[in-house]
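Observations on chain architecture
Given next are the chains, with one letter for each unit.
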Amino acid sequence: MTSTLAIRRLEAAEAGDCIDGLTNLLLDCVEGGASVSFMLPLERSKARSFWQGVFDGIGRGERTLLVAEDEDGTIVGTVQLITAMPDNQPHRADIAKLLVHRQARKSGVGRQLMLAIEEEARRQQRTVLVLDTASPDAERLYERLGWQRVGVVPNYALMPDGALCATTYYYKQL
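Residues numbered from 1 in each chain as written. Predicted model: local features only at pLDDT ≥ 70, side-chain atom pairs only at ≥ 80, totals over all residues. Heavy atoms only, no water.

Mapped onto the secondary structure, R126 falls in the loop between helix 4 (109-123) and strand 5 (128-133). Buried and unpaired, R126 has D94 as its nearest opposite-charge partner, separated by 9.0 Å. Within the local environment of R126, its side chain forms a polar contact with the backbone oxygen of P90, the two atoms lying 3.1 Å apart. Apart from the residues within four sequence positions on either side, R126 is in contact with T83, M85, Q89, P90, H91, R92, A93, A121 and L174. (Helix = DSSP H or I, 4+ residues; strand = E, 2+ residues; numbered from the N terminus. Buried < 20%, exposed > 50% of the residue type's maximum accessible area, 1.4 Å probe, protein only. Lys, Arg positive; Asp, Glu negative; His and termini not counted. Salt bridge = Lys/Arg side-chain N within 4 Å of Asp/Glu carboxyl O. Polar contact = N/O pair within 3.5 Å; in protein donor to acceptor, adjacent residues only side chain to side chain. Contact = heavy atoms within 4.5 Å.)

Another aspect to go through is the packing of aromatic side chains. One pass over the structure, following the stated rule, counts five aromatic pairs. Note on F38 and F50: the rings are 5.4 Å apart at their centroids and 85° apart in plane angle, and the pair reads as edge-to-face. Of the two residues, F38 is situated in the loop between helix 2 (19-31) and helix 3 (44-59) and F50 in helix 3; the sequence distance between them amounts to twelve residues. On the accessibility criterion, F38 (8% relative accessible area) is buried. Of the aromatic side chains, those joined through ring pairs into one cluster are F38, F50 and W51. (Phe/Tyr/Trp six-rings, centres within 6.5 Å; stacked < 30°, edge-to-face > 60°.)

Here E119 is to be found in helix 4. Residue E119 is classed as partly exposed on the basis of its relative accessible area, which comes to 36%. Counting along the chain gives 55 residues from E119 to L174, while the straight-line C-alpha distance between them is 9.2 Å.

Quick look at helix 5 (residues 136-144) now. By the burial criterion, the buried members of helix 5 are A138, E139, L141 and Y142. In a view along the axis of helix 5, the buried residues occupy a sector of 165°, so they form one face of it. Seen from the buried face of helix 5, the exposed residues on the opposite side, beyond 90 degrees, are P136 and R144. Contacts from the buried residues of helix 5 go to strand 4 (92-100), helix 4, strand 5, strand 6 (148-158) and strand 7 (164-173). (Arc of directions from axis to C-beta.)

The contact between helix 2 and helix 3 brings their axes to 9 Å, and the two run at 120°. Comparing the axis directions of helix 2 and helix 3 gives the class oblique. By crossing handedness, the relation of helix 2 to helix 3 is classed as right-handed. Across the interface between the two elements, I19, D20, L22, T23, N24, L26 and L27 of helix 2 pack against R44, A47, R48, F50, W51, Q52 and F55 of helix 3. Classifying every residue of the contact of helix 2 with helix 3 gives eight nonpolar, three polar and three charged. (Axes fitted to C-alpha atoms, helices over the stretch in contact; angles between N-to-C directions. Parallel < 35°, antiparallel > 145°, perpendicular 65-115°, else oblique. Left-handed = near helix turned anticlockwise from the far one by under 90°. Nonpolar A, V, L, I, M, F, W, Y, C, P; charged D, E, K, R; others polar.)

Another point: the state of the cysteines. Note on terminology: disulfide describes a covalent bond linking the sulfur atoms of two cysteines. One pass over the structure, following the stated rule, counts zero disulfides. Free cysteine: C18, not disulfide-bonded; nearest cysteine sulfur from C29 at 16 Å. C165 provides the cysteine sulfur closest to C29, a residue in no disulfide bond, and the two sulfurs are 15 Å apart. For C29, a relative accessible area of 1% corresponds to the buried category. (Disulfide = S-S within 2.5 Å.)

Structural data, given as structure tokens:
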């Protein structure tokens, strides 16, 4: 899949055209057990509302959204760079919502998205990136890409089924 994968940045004006694909991706990830802020059952309207909020943030210049599309133009992954930081942190950004469709996992989509969002952060002159994850698979990916583990917070969040889960924090200096 990685040979036919296209990664692109969505601008606010075109983001609405992708809302269905992004909604489908989010639903797939949550239904697959990903702890990404949502509980089961996740209603389609709630997922769409989430993406509309992301699009609003893009329009305000507070975040950047990248999508990975397969050869058919189907969105199989996404990641965000959140740049809305306090005045004393203009050099920092958060990485959020690395989502990869279950059918596209283990094919390099997550890796390509992370490399692309790091390059986007460099373009925006962000030199310290921070993220958190509740996924052992994501932890392995981040560590292979040179992210440094800060620590683990037990019982930080809930899995979509309601079970408590820990969250691991990472940072990377660019």
